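Fold and geometry: a report
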Amino acid sequence: MTPAATPLDTPFRRLWRVYLAARVVVAVLLAIGSVLLAPVHARQLLPQLAILAIYGALAILYAVISQQPPPQRKVYAWLPTIGLDLLLISLLEVTKTGSYTLTPLFGLTVLFAGTLGGWLVVLGTCAYITIFLLMETLTATASVLDLEVTQNTVQAGLAGAAYFLVGILVRLLAARVERETRQGLRAAAAANQQEQVNALILQNLPDGVLVVDQQLQVHSANPAAMALLQQLTTPVQLQQLGQLPAWQGVVHQINDTFRNGEAISSDQALIAPGSTPVGLHVRTWLTHPLPGLGTIDSADNDPLCLVFLHDLREMEARLRTEKLAAMGRMSAAVAHEIRNPLAAITQANALLDEDLTDPNLKRLTYMVEQNAQRLGRIAEDILDIARVHNQIQPGEGEAVLLDDTVYEICNDWMALAPAAHQVALSLHAEGSLVAFDTGHLRQLLYNLLNNAQRYRSDHADALQVTTSSTLAGTATMVVWSDGQPIEPTIEKHLFEPFFSSESRSSGLGLYICRELCTRHGAMIRYERQSARHSDIRDGNAFIVQFRRAANSVAQPSLERLLPI
């Protein structure tokens, strides 16, 4: 497995490939120049053509087999490239026949050494060139005291110093470019990481977030905002927010924010044709462009408007939950305080009943006893609900036969209003014993039946109660009615306290059902299901899955009319 490439490898490798191609091009150009001179110096140019042919073949072969640049710190690794170039220019200079010079080609080698190689490569290259120029000057004549030789030697030394200066400057510039590139890559990595963090935060934020420009173009929207858009617009068109009629109030606030340059907060009601009005708390802010950049030929530096959308129903639901928690603590405290005087009243009534013989008076003490017990049960129920949140193991409750108990409770509910209360029963959980208190099961089923009765149609089988059991002994009860589908925004808060889509409802019915199920280890949920004997008519189903009683011996039915 090859090691992972660093971020600088790609541009460095690209420059390396350019250098290898340039070596081949230089060899070809030199060969063409030699061919053009061939009619004049045909025999003298044969050694140079042979050298260029060998160099060109080696350059092409190395360009083909080379996969990546050699390390900058290893001087020997540069011998097949820069070392070969220096040798080529040296041989061409030595074997030349005219008065021209090829030493300027050393400049190209110094540039590539400073750009691609390290300090040792640059200094070694410049040192070789200086020594070669000096040796060439000294070997041109046998007398070192000749004035012309002295001038050529000084000229060669100055040329070598110039090559050193150029090589050092190129190496410094290349090192600076590398540092700037690394800083840019680090900044890009940090920006990419921060962008991912921001994206994850926005995706999981319960409030809707929109990013809009001055042309009301939506640049981005998180899932919560998309849900609001889909609720009020079909289909969702994110190209222009101003084209959505229901969002005109939000559009005016965005325009005011751009105009005034200040943050604005307001409560608005978004109303779309055929949709339920949605109350939103809208907050808008502006981003500030970087100073001094002005226009950068793009809209990247233009201010954007950040819009936060808070669903007022969710805010109210949180407030209701907090109020309920406070009320629950107060109710638990009151119920705890009631039990002490209630115990004294019960004990005094029992002592009084022992001394009475008059039937009328005994009937009164019986009434006191019954009402005191009722108050005691109410206080215990309040304390039970308060204990649910801190309870780890659910209470055992009673072991009741599900079918018989449901049949009895449904008949009692229908007897309350025979003309209006009609339930189609389908009980198929024979012999299933569930862990649930009979009185709590009555309260649970009454709440579900009353809720279903409110939204049912006039069909004979518009309200159905079904029980079933699995081979594992799990018993299920389904209360189904053919009411209209519950809106997704309401479905999320069905079991929250004090949440209701109607003003006449207290919003506690389903919450009490959930608390009772939790108290006895059962589970309640809502689904949109089809009718028992038809796949055409859909309805709302509240499904309760009971916990099997410890001493139960279930006899489940293989027939399942509704899915669990």
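Quick caveat: nothing in here was measured; it's all calculated off a predicted structure. (Residues numbered from 1 in each chain as written. Predicted model: local features only at pLDDT ≥ 70, side-chain atom pairs only at ≥ 80, totals over all residues. Heavy atoms only, no water.)

1. Considering the overall build of the chain
When helices and strands are counted, the chain shows 14 helices and 12 strands. Counting the 564 residues in the chain, one finds 37% classified as buried. Looking at the chain alone, contacts between residues at least 24 apart form 66% of all its contacts between residues at least 6 apart. If you sum the accessible surface of the chain, you get close to 32,100 Å²; carbon and sulfur atoms cover 61% of it. (Helix = DSSP H or I, 4+ residues; strand = E, 2+ residues; numbered from the N terminus. Buried < 20%, exposed > 50% of the residue type's maximum accessible area, 1.4 Å probe, protein only. Contact = heavy atoms within 4.5 Å. Areas by Shrake-Rupley, 256 points an atom, 1.4 Å probe, with all protein chains shown as cover.)

2. As for the sheet that holds strand β5 (residues 305–311)
Ordered by their spatial adjacency, 5 strands build an open sheet running β2-β1-β5-β4-β3, and the pairing between neighbours is antiparallel. The open sheet is flanked by β2 (218–221) and β3 (264–270), the only strands paired with a single partner. Within this sheet the neighbouring strands show an average axis-to-axis angle of 25°, counted without direction. (Pairing = 2+ DSSP bridges. Axes fitted to C-alpha atoms, helices over the stretch in contact; angles between N-to-C directions.)

3. Here we look at the nonpolar core
Core analysis: the biggest nonpolar cluster contains 36 residues, and Leu-444, Leu-448, Leu-449, Met-477, Val-544 and Phe-546 have the highest contact counts within it. Setting aside anything within four residues of it in sequence, one finds Phe-546 in contact with Leu-402, Val-434, Phe-436, Leu-441, Thr-474, Ala-475, Met-477 and Ala-522. (Core = buried A, V, L, I, M, F, W, Y, C linked by side-chain atoms within 4.5 Å.)

4. A short note on a nonpolar patch on the surface
Residues Trp-119, Leu-123, Leu-165, Ile-168, Leu-169 and Leu-172 make up a contiguous nonpolar surface patch of roughly 520 Å² in combined accessible area. Looking at the nonpolar patch, the elements with two or more residues in it are α5 (119–138) and α6 (147–204). When residues of the nonpolar patch are assigned to their parent elements, the largest contribution, 4 residues, is made by α6. Summarising the element assignment, Trp-119 is placed in helix α5. (Patch = residues over 30% accessible without salt bridge, like charges linked within 9 Å, V, L, I, M, F, W, Y side chains within 5 Å. Salt bridge = Lys/Arg side-chain N within 4 Å of Asp/Glu carboxyl O.)

5. Regarding the side chain of Asp-207
Within the secondary structure layout, Asp-207 lies in the loop between α6 and β1 (208–212). No salt bridge is formed by the buried Asp-207; its nearest oppositely charged neighbour, Arg-283, is found at 5.0 Å. Engagement of the side chain of Asp-207 in a polar contact is seen with the side chain of His-310, the distance being 2.9 Å. Setting aside residues no more than four positions away along its own chain, Asp-207 makes contact with Asn-222, Ala-224, Leu-309 and His-310. (Lys, Arg positive; Asp, Glu negative; His and termini not counted. Polar contact = N/O pair within 3.5 Å; in protein donor to acceptor, adjacent residues only side chain to side chain.)

6. Section: the packing of helix α3 (residues 79–94) against α5
One way to put it is that α3 packs onto α5 with a least axis distance of 11 Å and a crossing angle of 10°. With respect to their mutual orientation, α3 and α5 come out roughly parallel. Every residue of α5 that contacts α3 at Ile-82, Leu-86, Ser-90, Glu-93 and Val-94 is listed here: Val-121, Thr-125, Tyr-128, Ile-129, Phe-132 and Glu-136. Of the residues that constitute the contact of α3 with α5, the class distribution is 7 nonpolar, 2 polar and 2 charged. (Parallel < 35°, antiparallel > 145°, perpendicular 65-115°, else oblique. Nonpolar A, V, L, I, M, F, W, Y, C, P; charged D, E, K, R; others polar.)

7. Some words on the pairing of strand β7 (residues 424–428)
Because side chains alternate across β7, one face comprises the buried residues Ala-424, Ser-426 and His-428, and the other comprises Leu-425 and Leu-427, none of which is buried. Two elements, β7 and strand β9 (residues 463–469), share 5 bridges in a ladder whose sense is parallel. Note that in β9 the partner of Ser-426 across the bridge is Thr-466.

8. What about α5?
Along its 20 residues, α5 runs 28 Å from first to last C-alpha, staying within 8% of the 28 Å computed at 1.5 Å per residue. Of the positions making up α5, those classed as buried are Val-121, Val-122, Thr-125, Cys-126, Ile-129, Thr-130, Phe-132, Leu-133 and Thr-137. Down the axis of α5, the smallest arc covering the buried residues is 160°, so these residues share one side. Opposite the buried face of α5, by more than 90 degrees, sit the exposed residues Leu-120 and Ile-131. (Expected span 1.5 Å × (residues − 1). Arc of directions from axis to C-beta.)

9. A look at the pairing of strand β4 (residues 278–286)
For a regular strand, side-chain orientation follows a simple rule: the groups alternate between the two sheet faces. Two strands pair when backbone bridges link them, and β3 and β4 are joined in this way by 7 bridges, in the antiparallel orientation. If you follow Ser-266 over to β4, its bridge partner there is Val-282. Looking at chain direction, β4 and β5 are connected through 7 bridges and run antiparallel. Bridge assignment links Leu-280 to a residue of β5, and that residue is Asp-311.

10. Things to note about the pattern of salt bridges
In total, this model carries 6 salt bridges according to the counting rule given. Residues Asp-256 and Arg-259 are paired through a salt bridge, measuring 2.5 Å at the closest nitrogen-oxygen approach. Placement of the pair is Asp-256 and Arg-259 together in helix α8 (residues 248–260), with a separation of 3 residues, close to one helical turn. For Asp-256, a relative accessible area of 29% gives the class partly exposed. Note on Arg-259: relative accessible area 58%, which makes it exposed.

Geometry only, nothing functional implied.
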